[in-house]
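# Secondary and tertiary structure notes
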Amino acid sequence: MESFRPRVIFSAAITLDGKLATRSGDSKLSSKKDKIRVHKLRSKVDAILIGKNTVKIDDPLLSVHNIKKKNPIRIILDSNATIRSSSRILKTCSKIPTIIAVSKKAQKKNLQKLEKFPVQVIVCGNDTVSIKKLLGILKKKGIKNILVEGGGTANWAFVKENLVDEAIITITPYLVGGMTATTLVDGDGFSTIAKSIRLKLKSVSKMKNEVILHYEN
Ligand SMILES: NC(=O)c1ccc[n+]([C@@H]2O[C@H](COP(=O)([O-])OP(=O)(O)OC[C@H]3O[C@@H](n4cnc5c(N)ncnc54)[C@H](OP(=O)(O)O)[C@@H]3O)[C@@H](O)[C@H]2O)c1
């Protein structure tokens, strides 16, 4: 039976102690080789999704480098439509298709600012972006699979609704600590292991000082 939503694949590089970044937001964890692997993975999906804080802190392009393939559609979770005009995502949106997912509470002036850019704005959810609704809309647009690339808050939005089909996680050799450092999945978390998502280990590969874990639901 065909699903109502695209396949959701988590992709991240984490420290040995499970963080996505240090407490100041430094997330330069991956080796060159791992970055190449990630770009190959990106080239195989229809879309890449991240949360608004990742745009603010990392200012990523989310493009595919050094591979002659079409860039996946970039999707940003941004309830208030506050993404900066100077962000690399907006600066490149005439070249790489971009969707900004906002909620009904997004202010008119913010939406008007977005109108100046060739981006598609999807309004779904009252206060925050409704992930289930968004996935349904994306599926109708022909998006069959999505790489969810964080951060921890965006990841939790998928985990809490059991919307994770695969997780491809690079464990990097750093121990960074910090109670406020973003982890792979933040949010409220589940209260018991019984309520949590349990994935099956599909493969483990070693790349010099890193390990890549591939789990499936
Ligand atoms: N190592 C890695 O692979 C990696 C990858 C990605 C990010 N990171 C790091 O992660 C950190 C950022 O993570 P973060 O957890 O602070 O933020 P985030 O997940 O990037 O963004 C969270 C924001 O997304 C918006 N959002 C809209 N709808 C949402 C929904 N339904 N559920 C959840 N969020 C929604 C919310 O802001 P609004 O309410 O304003 O919409 C929320 O505060 C950065 O330091 C970055 O460097 C690391």
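In the annotation of an unreviewed UniProt entry, the entry for the protein reads 2,5-diamino-6-(ribosylamino)-4(3H)-pyrimidinone 5'-phosphate reductase, and the organism field reads Marine Group I thaumarchaeote. Quoted straight from UniProt, the Sequence similarities (unreviewed entry) entry for the protein says "Belongs to the HTP reductase family." We quote the UniProt Pathway (unreviewed entry) comment for the protein here in full: "Cofactor biosynthesis; riboflavin biosynthesis."

Counting its regular elements, the protein contains six helices and nine strands. The C-alpha extent of the protein, read off along each of the three principal axes, is 45 × 40 × 40 Å. Split into buried and exposed, the 217 residues of the protein put 48% on the buried side. Put simply, of all contacts in the protein between residues at least 6 apart along the chain, 72% involve residues at least 24 apart. Split by element, the accessible area of the protein, about 12200 Å² in all, is 52% carbon and sulfur. Between the centroid of the 41 positive side chains of the protein and the centroid of its 18 negative side chains there is a distance of 4 Å.

For the rest of this paragraph, the subject is the sheet that holds strand E8 (residues 200–207). With respect to topology, nine strands assemble into an open sheet ordered E5-E4-E3-E2-E6-E1-E7-E9-E8, the strand pairing being mixed. Unpaired on one side and paired on the other, strand E5 (120–123) and E8 mark the two borders of the sheet. For this sheet the average axis-to-axis angle between neighbouring strands, irrespective of direction, equals 20°. Judged from the four bridges that link them, strand E4 (residues 98–102) and E5 form a sheet pairing that is parallel. Directly across from Val-102, in E5, lies its bridge partner Val-123. The strands that helix H1 (residues 32–43) touches are strand E1 (7–14), strand E2 (47–51), strand E6 (145–148), strand E7 (166–171), E8 and strand E9 (210–216); relative to E7, the one it contacts most, it runs at about 165°.

Okay, unusual backbone geometry next. Here the amide bond leading from Gly-150 into Gly-151 is cis, since omega sits at -5°, within 30 degrees of zero. Mapped onto the secondary structure, Gly-151 falls in the loop between E6 and helix H6 (152–159). One non-glycine residue, Asp-59, lies in positive phi territory at about 45°. Of the residues examined, Asp-59 reaches a relative accessible area of 24% and is grouped as partly exposed. Unusually for a residue other than glycine, Leu-62 sits at a positive phi of about 55°. For Leu-62, the location among the structural elements is in the loop between helix H2 (52–58) and strand E3 (73–77).

Surrounding the ligand, one finds 28 residues, the nearest of these being Lys-52, Thr-54, Asp-58, Ser-79 and Thr-153. Here a nitrogen atom of the ligand sits 2.8 Å away from a polar atom, N or O, in the main chain of Ala-13. Gly-151 is positioned such that a nitrogen or oxygen atom in its backbone is 3.1 Å from an oxygen atom of the ligand. About the coverage of the ligand: the protein hides 86% of its 920 Å² of free accessible area. Of all elements in the fold, only E1, H2 and H6 reach the threshold of two or more residues within the shell around the ligand. With five residues, H2 is the single largest residue contributor to the shell around the ligand.

Before going further, it helps to examine the state of the cysteines. In a disulfide, the sulfur atoms of two cysteines are held together by a covalent bond. Scanning the model with the defined rule gives zero disulfides in all. In this structure Cys-93 is not part of a disulfide, and its nearest cysteine sulfur, from Cys-124, lies 19 Å away.

Within this numbering scheme, the UniProt entry marks residues 6–213 as carrying the feature "domain: Bacterial bifunctional deaminase-reductase C-terminal" (unreviewed entry). Annotation note: span residues 6–213, helix share 24%, strand share 24%, distance between end C-alpha atoms 22 Å.

Quick look at the packing of aromatic side chains now. As enumerated under the stated definition, the model contains two aromatic pairs in all. Judged by centre distance (6.4 Å) and plane angle (80°), the ring pair of Phe-10 and Phe-158 falls under edge-to-face. Of this pair, Phe-10 sits in strand E1 while Phe-158 sits in helix H6, and the two are 148 residues apart along the sequence. Relative to Phe-190, the ring of Trp-156 has its centre 5.1 Å away and its plane inclined at 65°; by these criteria the two rings are edge-to-face. A residue pair is termed long-range when its members are at least 10 positions apart, and Trp-156 in helix H6 and Phe-190 in the loop between E7 and E8 qualify at 34 residues. Judged by its relative accessible area of 11%, Trp-156 falls in the buried class.

Rules of the game
- Sequence order as written defines the numbering, with residues in each chain counted from 1.
- Only residues with pLDDT of at least 70 are given local features in this predicted model, and only at 80 or more are side-chain atom pairs given and counted; all residues enter the totals for whole chains, interfaces and linings.
- The side-chain quantities take in all heavy atoms of the structure and omit both hydrogens and water.
- UniProt positions are given in the numbering used here, feature names are shortened, and annotations may be inferred rather than shown by experiment.
- Here a strand is any run of E in DSSP of at least two residues, a helix any run of H or I of at least four, and the numbering for each starts at the N terminus.
- Whether a residue is buried, partly exposed or exposed follows from its accessible area with a 1.4 Å probe, protein chains only, as a fraction of its type maximum: under 20%, in between, or over 50%, in that order.
- Throughout, a contact is declared for two residues whenever any of their heavy atoms are within 4.5 Å.
- All accessibility values rest on the Shrake-Rupley procedure with a 1.4 Å probe; residue burial counts only the protein chains present in the view.
- Charge assignment: positive for Lys and Arg, negative for Asp and Glu; neither His nor the chain ends contribute.
- A single reference atom marks each charge: NZ on Lys, CZ on Arg, CG on Asp, CD on Glu.
- When DSSP finds two or more bridges between a pair of strands, those strands are recorded as paired.
- Whenever a helix is involved, its axis is fitted only over the stretch in contact; in every case the axis is a line through C-alpha atoms, and angles between N-to-C directions fall within 0 to 180 degrees.
- Near residues are defined by distance, with any heavy atom within 4 Å of the molecule or strand qualifying the residue.
- The term polar contact refers here to a pair of N or O atoms within 3.5 Å; inside protein, the definition further demands a hydrogen-donor-capable atom paired with an acceptor-capable atom, and it admits residues adjacent in sequence only when both atoms are side-chain atoms.
- For the purposes of this analysis, a disulfide is any pair of cysteine sulfur atoms at a distance within 2.5 Å.
- Think of it this way: a Phe, Tyr or Trp ring, Trp meaning its six-membered ring, pairs with another when their centres are within 6.5 Å, and the plane angle makes it stacked under 30 degrees, edge-to-face over 60, tilted otherwise.

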